[in-house]
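Descriptive structure summary
One letter stands for each residue in the lines below.
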Amino acid sequence: MRRTLIPMPHTSGPAERSGPRSALRPPGAAVALLLLVLACCMTSSAMGQTMQSLYVTDRSNSRLIRADINGSNVASVFTGLGGLLAGIDLDAANDLLYWTNFGTSQVRRGNIDGSGLTVLNGAFSQPDDIALDAANGHLYVTDNGTSAIVRINVDGTGKTDILTGQNQPDGIDVDVANGHLYFITKGDQRINRANLDGTGRVDILTGLTFPQDLSLDLANGHIYFLDSGAQTLERVDLDGSNQVQLVTGLSSPEGLVLDVSANFMYWVDIGTDTVERANLDGSGQTTLVAGLNNPIGITLVELSALQQAVAVGSTVRSIPSHSEYVLLVLLAITGILTVGRIRV
């Protein structure tokens, strides 16, 4: 803050003493300035905070919902979507959600705040799961109806079958750094890997029962996957070795997402109509959200405090109140204005 010094008019009388009298007001100004700095720092801190939300396709309720990662503040983001909602992924940099609709043969996009609903491409047959390659501007979709792995641009153009003849393709994820796709074929009970252009397909893991979805932990070299037929959540290395059952006794698990940094995995189960969470080693299973109706896909979104407020409005209770910080700023400004002129 720049301070303007106001010259005092010249008088012929004795010089005014500066000690005790001039010291009365600067402390008030200093306090006001401290309040202003504190308020600005607190506001900046609040704006810099990040938090996470879960987004879920709630198929039979024809809606896309969000919830805090502890399961609270469940709210509808898009409603009346019709068809059969399926997989979901996000573009965190642009606050966009992408999802498939198995029943309407479409890939759709919308903003995290529930605005901007767009049909990107309606020329699919039975699109199931979806994965974003943000670096190259591509979406990869498993199309059950045509037994193909399909690539489109993020604006919906450029639809290309990069792999055909796949037996009930389902869950898919991308390893952009190494140029790989990992995907499930339920009809073959296996996990596959291919290059991003569809070439070089190989079996990673075979002999599963009815695998549904997978999610990559590239930092630790793992694939986490759901086997609905075996009612398990399992882990295997990227090369298919060291298969481990982490969670057993599930009902009909469908969609899976990881939060590796927080040591959590989240999944939805259409048998119990719930969102579940556990540690990456399978311990600590917890039901976060109940009462859904055929939840299929799930993704994890990290938002700033302000983004979260925009996304869900007043339903968010975990965000610090910005009105409190605004009040501090107003108090500081008021203090400065009431101090008056500072004599030096």
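Report follows, based on the coordinates. Remember, it's a predicted structure, so these values are computed and weren't measured experimentally.

1. Looking at the overall build of the protein chain
- The secondary structure content of the protein chain amounts to four helices and 24 strands.
- Every one of the 344 residues in the protein chain was classed for burial, and the buried ones make up 47%.
- Restricting to contacts in the protein chain with at least 6 residues of sequence separation, those with at least 24 account for 42%.
- Carbon together with sulfur atoms contributes 51% to the accessible area of the protein chain, which is approximately 15,600 Å² in total.

2. Focus on the pairing of strand 19 (residues 244-247)
- The pairing of strand 18 (residues 232-237) with strand 19 spans three bridges and is classified as antiparallel. Within strand 19, the residue paired with Arg235 across the bridge is Val244.
- Between strand 18 and strand 19, which pair antiparallel and follow one another directly, the connecting turn spans six residues, one of which, Gly240, has a positive phi of 95 degrees.

3. Side note on the pairing of strand 11 (residues 160-163)
- Taken together, the three bridges between strand 10 (residues 148-153) and strand 11 define a ladder with antiparallel strand orientation. Bridge assignment links Arg151 to a residue of strand 11, and that residue is Thr160.
- Connecting strand 10 to the next strand, strand 11, in antiparallel fashion are six residues, including Gly156 with a positive phi near 95 degrees.

4. Description of the nonpolar core
- One finds Leu54, Val56, Val275 and Ile298 to be the most contacted residues of the largest nonpolar core, which totals 13 residues.
- Looking at this core, the elements with two or more residues in it are strand 1 (50-58), strand 2 (63-68), strand 21 (264-269), strand 23 (286-289) and strand 24 (295-304).
- The contact partners of Leu54, leaving out residues within four places of it in the chain, are Ile65, Arg66, Ala67, Asp68, Ile69, Tyr266, Val275, Leu288, Ile298, Thr299 and Leu300.

5. A look at the side chain of Asp227
- When you line up the elements, Asp227 lands in strand 17 (residues 222-227).
- Of the side chains with opposite charge, Lys186 lies nearest to the buried Asp227, which makes no salt bridge, at 11 Å.
- Here Asp227 is in contact with Leu208, Thr209, Phe210, Pro211, Thr232, Glu234 and Pro253, once residues within four sequence places are set aside.

6. Things to note about the pattern of salt bridges
- A complete count under the given rule lists six salt bridges for this structure.
- Close ionic contact of Asp68 with Arg66 constitutes a salt bridge, the shortest N to O distance being 2.5 Å. Like Arg66, Asp68 is buried.
- Between Arg190 and Asp188 there is a salt bridge, with the nearest N and O atoms lying 3.3 Å from each other.
- What emerges from the salt-bridge pattern is a single network uniting Asp188, Arg190, Arg201 and Asp203.

7. Description of the packing of aromatic side chains
- Applying the stated criterion across every chain yields a total of two aromatic pairs.
- Just above the ring of Phe264 sits the side chain of Arg277; from NZ or CZ to the centre is 4.5 Å.

8. Digging into the sheet that holds strand 14 (residues 190-195)
- One open sheet holds the four strands; their spatial order is 12-13-14-15, and the pairing between them is antiparallel. The open sheet has two free edges, formed respectively by strand 12 (169-175) and strand 15 (202-205), since each of these has just one partner strand. Here the strands of the sheet are splayed against their neighbours by 30 degrees on average, with no regard to which way each runs.

9. Some words on the side chain of Ser215
- By secondary structure assignment, the location of Ser215 is in strand 16 (residues 211-217).
- Look at Ser215 and you get buried, because its relative accessible area is 8%.
- Each residue touching Ser215, except ones within four places of it in the same chain, is listed here: Asp173, His222, Ile223, Tyr224, Leu256, Val257 and Leu258.

10. Quick word on the sheet that holds strand 11
- An order of 8-9-10-11 is seen for the four strands of this open sheet, with the pairing classed as antiparallel. The sheet terminates laterally at strand 8 (127-133) and strand 11, the two strands that pair on one side only. Recorded for the sheet is a direction-independent mean angle of 30 degrees between the axes of neighbouring strands.
- Of the pairings in the sheet, the one linking strand 9 (residues 138-143) to strand 10 comprises six bridges and is antiparallel in character. Across the sheet, the residue bridging to Asp143 is Ala148, located in strand 10.

Cut-off values and rules
Starting from 1, residues in each chain are numbered consecutively following that chain's sequence as written. Note on the predicted model: pLDDT of at least 70 is required for a residue's local features to be given, and 80 or more for side-chain atom pairs to be given and counted; whole-chain, interface and lining totals, by contrast, use all residues. The side-chain quantities take in all heavy atoms of the structure and omit both hydrogens and water. Numbering of helices and strands starts at the N terminus; helices are DSSP runs of H or I of at least 4 residues and strands are runs of E of at least 2. We call a residue buried when its accessible area falls under 20% of the maximum for its residue type, exposed when it is over 50%, and partly exposed in between, using a 1.4 Å probe and counting protein chains only. Residue contacts are counted whenever heavy atoms from the two residues lie within 4.5 Å of one another. For accessible areas, the Shrake-Rupley method is used with a probe of radius 1.4 Å. Any residue's cover is judged against the shown protein chains and nothing else. Any two strands between which DSSP finds at least two bridges are classified as paired. Working definition of a nonpolar core: buried Ala, Val, Leu, Ile, Met, Phe, Trp, Tyr and Cys residues. They are joined through side-chain atoms within 4.5 Å. In this tally, Lys and Arg are treated as positive and Asp and Glu as negative; His is ignored, and so are the chain termini. We define a salt bridge as a contact between a side-chain nitrogen of Lys or Arg and a carboxyl oxygen of Asp or Glu at a distance within 4 Å. Stacked, edge-to-face and tilted are the three classes for Phe, Tyr and Trp ring pairs, Trp counted by its six-membered ring, which pair at centre distances within 6.5 Å; planes under 30 degrees apart are stacked, over 60 edge-to-face, the rest tilted. Counting as a charge over the ring demands two things of the Lys NZ or Arg CZ atom: a distance within 6 Å of the ring centre and an angle within 35 degrees of the ring normal. Here, axes are lines fitted to C-alpha atoms. For helices the fit covers the stretch in contact, and angles between N-to-C directions go from 0 to 180 degrees.

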